[in-house]
Amino acid sequence: MAVSDTRLSDYTHLLELTQALLALARAEAWDTLLDAIPAQQAAMAATLRGNDALSNCPADIRAALTALIKQIDTANREVLERVTAWRTQVSAILEEINATRQNGKRISRAYGG
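Every value quoted in this text rests on a predicted model; they were computed, and no experiment measured them.

Before going further, it helps to spend a moment on the pattern of salt bridges. Applying the stated criterion across every chain yields a total of 4 salt bridges. The shortest N-O distance in the salt bridge between Asp 10 and Arg 7 comes to 2.3 Å. Of this pair, Asp 10 and Arg 7 are both found in helix α1 (residues 3-26), 3 residues apart, which corresponds to roughly one turn of the helix. What makes Asp 10 partly exposed here is its relative accessible area of 22%. Classification of Arg 7 as buried rests on a relative accessible area of 7%. Between Arg 77 and Asp 73 there is a salt bridge, with the nearest N and O atoms lying 2.8 Å from each other. Here the residue Arg 77 and the residue Asp 73 both occupy positions in helix α3 (residues 59-111), the gap between them amounting to 4 residues, near one helical turn. A relative accessible area of 52% places Arg 77 in the exposed class.

Procedures and definitions
Residues numbered from 1 in each chain as written. Predicted model: local features only at pLDDT ≥ 70, side-chain atom pairs only at ≥ 80, totals over all residues. Heavy atoms only, no water. Salt bridge = Lys/Arg side-chain N within 4 Å of Asp/Glu carboxyl O. Helix = DSSP H or I, 4+ residues; strand = E, 2+ residues; numbered from the N terminus. Buried < 20%, exposed > 50% of the residue type's maximum accessible area, 1.4 Å probe, protein only.

Set out below in structure tokens:
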């Protein structure tokens, strides 16, 4: 298999993993998403290590790789947006729980409970 074919295969695999993360984020399957992130990160690291050979690829292969990278980037950005929104929601819930706990302690001290 030529280097360019391997690169296309690697980036296609990375896109598939990233789209799977996006599907999980859209479904709000946060635990499964968090479990799946290391595989995507490992694939990304492995794929990026091979980028030194890309400068010698034919123009059509570089164009295909560019398109894959743009799709990966778009999906990653949406995953990040959704995870950030989820984190904000979780943070608000935790703050509310903490406030409720603090109020409970104040009431207990005030009424000797």
